Amino acid sequence: MNANGETLKMLLLKAPAGDKPYKDNDTVHQLLNWWYHILKLAEPALDKQTLFSGLEADEMYLELKRDIDMIPSLLMNEMIYEPSIPDKEQYIRLIQALLVNCSDTLFTSSVKINSPCDAIENTLLFIRNFFYQYFDFDYRVTMYCMEQFNYSFKLKLDYWKVKLKQSSLIESLKNCISEKMILPNSYFTFRKISYLEHLFHLIEAATTVITEEYVRDLLITHNFNAACFIDYETNHIKESLKNEASIDESITLLQNELANINLLKDKHNISFDIDMPGIKKQLHDWVIAEMKQLKSEANQIMKKDLVIDPDSKIQTSLSVAKLAAIIRLLVADKIIINKSIAPMLRTVSKLFTTLQKDEVSFGSLETKYHAPDKATLNIMKEMLQKWVGVIQKL
């Protein structure tokens with residue numbers, strides 16, 4: 001009661017939002033809608049701590065908290081006994097949105113109020129647990145939840161970063177969370193928060209010594225397909241490419257990386273960002289794009305090379321498959337000792353002809369070199385046996 005003897009209810013009823021719903025036939029939606037309008041009306045005065053007709057802000061927050069605490073039981077009764085709710089999913093999501101909006105209105109005031117926000121978080125958790133099938137997991141979490149999440153997990157990430165000796169992987173995780181905090185149009189959803197909570201719990205529950213490789217495998221297995229982690233993976237590949245002496249060696253490295261990516265084991269029914277492709281898909285596409293770029297550069301270089309006169313080429317009666325098998329045999333027996341296979345094969349494709357073509361395709365030759373078919377290998381065995389007889393006649 002204020003100095004003029006007016007009760008809280010009397011002061012609230014003077015608010016332009018109208019009478020507070022207290023009747024038996026009023027719904028949780030009506031109650032929250034009323035509170036949301038009250039908070040929006042009171043928003044300019046929240047910083048001054050004095051509201052309508054001298055009403056103290058603390059009194060209003062206490063009344064709000066009492067109403068929020070009643071919502072779980074009221075909502076259960078409505079969902080079970082109220083036949084007038086035609087679409088329960090839409091109704092639950094409307095309640096969810098109103099709770100988030102009420103919390104954000106309280107949070108944006110310069111005076112941070114924890115009590116009503118905590119009550120709202122507990123109510124949202126109740127709705128998420130009891131009405132899981134209706135809850136919108138892709139709706140944004142409250143600003144209050146984001147602040148609590150940021151504080152809690154920043155401490156954990158800082159600890160892991162020190163433990164892993166300033167790991168760049170942990171730094172990429174921090175950047176991912178910070179990005180959602182800073183960018184105006186970026187936010188965390190209930191799904192993403194739940195995902196990160198589960199992921200961090202798995203890291204904390206590790207029965208082995210936590211290493212960067214362990215965390216990386218965990219992120220891949222649980223399909224942490226955030227852009228920051230994709231950048232972390234591709235940056236490692238870029239660093240490896242810097243050590244390669246030629247385009248062909250770089251392409252070979254990327255081919256090996258592609259084979260490793262295809263062997264990654266990830267869960268298909270879980271991901272950090274449901275609007276983005278999975279880790280394997282993103283890394284696969286990135287490597288393919290890099291290979292195409294390098295091959296394009298190689299083709300440009302080849303166009304500048306001198307054109308070899310067809311009469312100067314080594315003309316053979318072999319097929320591309322047989323030629324590739326012979327070269328593979330010479331490499332296996334260490335007769336050809338080039339350190340890099342791809343440049344050597346490119347030279348062979350320029351210098352040799354086959355029975356069918358004067359121009360040997362480097363791509364075809366490389367494919368058949370690395371994966372010779374059984375029929376060709378059987379023919380090569382017969383050819384070698386024939387060579388034994390030829391040698392005896394030399």
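Below or above, wherever it landed, is the structure these notes cover. (Residues numbered from 1 in each chain as written. Predicted model: local features only at pLDDT ≥ 70, side-chain atom pairs only at ≥ 80, totals over all residues. Heavy atoms only, no water.)

So, on to the overall build of the protein. Per the secondary structure count, the protein includes 16 helices and two strands. Expressed as a percentage of the 394 residues in the protein, the buried residues total 42%. Once local pairs closer than 6 in sequence are excluded, the contacts in the protein between residues at least 24 apart make up 70%. Element-wise, carbon and sulfur atoms account for 55% of the exposed surface of the protein, whose accessible area totals about 22700 Å². (Helix = DSSP H or I, 4+ residues; strand = E, 2+ residues; numbered from the N terminus. Buried < 20%, exposed > 50% of the residue type's maximum accessible area, 1.4 Å probe, protein only. Contact = heavy atoms within 4.5 Å. Areas by Shrake-Rupley, 256 points an atom, 1.4 Å probe, with all protein chains shown as cover.)

A few words now on the packing of aromatic side chains. For the structure on display, the rule yields 13 aromatic pairs. Arg 328 extends its terminal NZ or CZ atom over the ring of Tyr 369, reaching a point 5.3 Å from the ring centre. Here the basic side chain of Arg 346 rests over the ring of Phe 362, its NZ or CZ set 4.0 Å away from the ring centre. (Phe/Tyr/Trp six-rings, centres within 6.5 Å; stacked < 30°, edge-to-face > 60°. Lys NZ or Arg CZ within 6 Å of the ring centre and 35° of its normal.)

This part takes up the pattern of salt bridges. Under the definition given, this model contains 13 salt bridges. Through salt bridges with shared partners, a single network forms among Glu 213, Arg 216, Asp 217 and Glu 233. (Salt bridge = Lys/Arg side-chain N within 4 Å of Asp/Glu carboxyl O.)

Leu 75, Leu 99, Ile 127, Phe 188, Leu 196, Phe 200 and Phe 224 are the most contacted members of the largest nonpolar core, which totals 83 residues. Here this core gets nine residues from one element, more than from any other, and that element is helix α4 (residues 88–107). Ignoring sequence-local partners within four residues, the contact set of Leu 196 consists of Phe 149, Ile 177, Phe 188, Phe 224 and Phe 272. One finds Leu 323, Ala 342, Leu 345 and Tyr 369 within the second-largest nonpolar core, a separate group that totals 19 residues. (Core = buried A, V, L, I, M, F, W, Y, C linked by side-chain atoms within 4.5 Å.)

Two numbers describe a pair of packed helices, the interaxial angle and the distance between the axes. Remark: helix α14 (residues 341–351) packs on helix α15 (residues 362–370), axes separated minimally by 9 Å, with the N-to-C direction vectors making an angle of 125°. In terms of axis orientation, α14 runs oblique to α15. Regarding α14 and α15, the two cross each other, and that crossing is right-handed. Together, Ile 341, Ala 342, Leu 345, Arg 346, Val 348 and Ser 349 of α14 and Phe 362, Leu 365, Glu 366 and Tyr 369 of α15 make up the contact between the two elements. (Axes fitted to C-alpha atoms, helices over the stretch in contact; angles between N-to-C directions. Parallel < 35°, antiparallel > 145°, perpendicular 65-115°, else oblique. Left-handed = near helix turned anticlockwise from the far one by under 90°.)

All right, on to helix α6 (residues 143–163) then. A rise of 1.5 Å per residue sets the reference length of α6, with its 21 residues, at 30 Å; its end C-alpha atoms lie 30 Å apart and thus fit the reference within 8%. Buried within α6 we find Tyr 144, Cys 145, Met 146, Phe 149, Phe 153, Leu 157, Trp 160 and Lys 161. Within two residues after α6, Lys 165 carries a phi angle of roughly 60°, on the positive side. (Expected span 1.5 Å × (residues − 1).)

Where nonpolar side chains cluster on the molecular surface, the patch consists of Leu 329, Leu 384, Trp 387, Val 390, Ile 391 and Leu 394 and spans about 620 Å² of accessible area. A total of four residues in the nonpolar patch trace back to one element, the largest contributor, which is helix α16 (residues 374–393). Within the element layout of this structure, Trp 387 appears in helix α16. In this structure Trp 387 comes out as partly exposed when scored by relative accessible area, which is 40%. (Patch = residues over 30% accessible without salt bridge, like charges linked within 9 Å, V, L, I, M, F, W, Y side chains within 5 Å.)

As a packed pair, helix α9 (residues 212–221) and helix α10 (residues 227–241) sit with axes 12 Å apart at the nearest point and diverge in direction by 125°. Accordingly, the angle class assigned to the pair α9 and α10 is oblique. Here α9 and α10 pass one another in a crossing that is left-handed. Listed contacts from α10 to Glu 212, Arg 216, Leu 219 and Ile 220 of α9 are Phe 229, Tyr 232 and Glu 233. Along the lines of polarity and charge, the residues of the contact of α9 with α10 split into four nonpolar, no polar and three charged. (Nonpolar A, V, L, I, M, F, W, Y, C, P; charged D, E, K, R; others polar.)

Turning our attention to unusual backbone geometry. Generally, phi is negative for residues other than glycine and the peptide bonds are trans, each holding for most cases. Of note, Asn 223 is a non-glycine position whose phi angle comes to about 55°, a positive value. For Asn 223, the position within the fold is in the loop between α9 and α10. One non-glycine residue with positive phi stands out, namely Lys 334, at about 60°. With respect to the secondary-structure elements, Lys 334 resides in the loop between α13 (320–332) and α14.

This brings us to the environment of Thr 354. By secondary structure assignment, the location of Thr 354 is in the loop between β2 (352–353) and α15. Setting aside its immediate chain neighbours within four residues, Thr 354 contacts Thr 316, Leu 318, Ser 319, Val 320, Leu 323 and Val 360.

With that settled, consider the side chain of Thr 189. For Thr 189, the location among the structural elements is in the loop between α7 (168–182) and α8 (190–204). With a relative accessible area of 9%, Thr 189 lands in the buried category. Among the polar contacts listed, one links the side chain of Thr 189 to the backbone nitrogen of Lys 192, at a separation of 3.2 Å. Not counting residues within four places of it along the chain, the set of residues in contact with Thr 189 comprises Phe 137, Asp 138, Tyr 139, Arg 140 and Val 141. (Polar contact = N/O pair within 3.5 Å; in protein donor to acceptor, adjacent residues only side chain to side chain.)

This part covers the side chain of Asp 104. Examined against the element boundaries, Asp 104 turns out to sit in helix α4. The contacts of Asp 104, once residues within four sequence positions are left out, are Arg 140, Thr 142 and Met 143.

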